[in-house]
Amino acid sequence: MISLIASKSDYIIKADQVYRNLEEYEEIFEAEAEVIDTFKCMLARNEEISDFCTDGICVSVYRNGNDYELFFLDYEMSVSVYEKQIIDFKVRHD
């Protein structure tokens, strides 16, 4: 009986940790989506791509040819652009 209680307790603790991790990833995903959406709109409107803020997220932009480095929150997003289209991007945690 005690081992059953210990197993259930362990399951609840692990499930809670997984749930908290999912909540954190959801917040990161929302921020990432907001930044990439704003960046994409700036490209489509032929705007000069420079530092911007969107939905309370301030983004620092550095350009290197057709590649951009976007820094926001504690993340770095590398974006490759070809003819006003995003062809690749990667997100890293600093």
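Everything numeric in this text was worked out from a predicted model, so none of it was measured. (Residues numbered from 1 in each chain as written. Predicted model: local features only at pLDDT ≥ 70, side-chain atom pairs only at ≥ 80, totals over all residues. Heavy atoms only, no water.)

## Concerning the overall build of the protein chain
So, step 1. When helices and strands are counted, the protein chain shows one helix and five strands.
So, step 2. N-terminal to C-terminal, the α/β element order of the protein chain is α-β-β-β-β-β.
So, step 3. Against the 2.2 N^0.38 benchmark of 12 Å for 94 residues, the protein chain shows a C-alpha radius of gyration of 19 Å, more extended than a compact globule.
So, step 4. For the C-alpha atoms alone, the extent of the protein chain along its principal axes is close to 65 × 25 × 20 Å.
So, step 5. Taken across its 94 residues, the protein chain has 26% of its residues classed as buried.
So, step 6. Restricting the contact set of the protein chain to residue pairs at least 6 apart, pairs at least 24 apart contribute 24%. (Helix = DSSP H or I, 4+ residues; strand = E, 2+ residues; numbered from the N terminus. Rg over C-alpha atoms; globule rule 2.2 N^0.38 Å. Buried < 20%, exposed > 50% of the residue type's maximum accessible area, 1.4 Å probe, protein only. Contact = heavy atoms within 4.5 Å.)

## A word on the confidence of the model for the protein chain
So, step 1. On average, residues of the protein chain score 88 in pLDDT, and 99% of them reach the 70 mark or higher.
So, step 2. Mean pLDDT across the elements of the protein chain bottoms out in helix 1 (residues 2-44) (84) and peaks in strand 3 (residues 67-72) (96). (pLDDT = per-residue confidence, 0-100.)

## Remarks on helix 1
So, step 1. Taking 1.5 Å per residue, 43 residues should reach 63 Å; helix 1 reaches 62 Å between its end C-alpha atoms and fits that length.
So, step 2. Turning to helix 1, its buried residues number three or more, namely I28, A31, E32, V35, I36, T38, F39, M42 and L43.
So, step 3. Where helix 1 is buried, its residues touch strand 1 (52-54), strand 2 (57-64), strand 3, strand 4 (75-82) and strand 5 (85-93).
So, step 4. Within two residues after helix 1, N46 carries a phi angle of roughly 55 degrees, on the positive side. (Expected span 1.5 Å × (residues − 1).)

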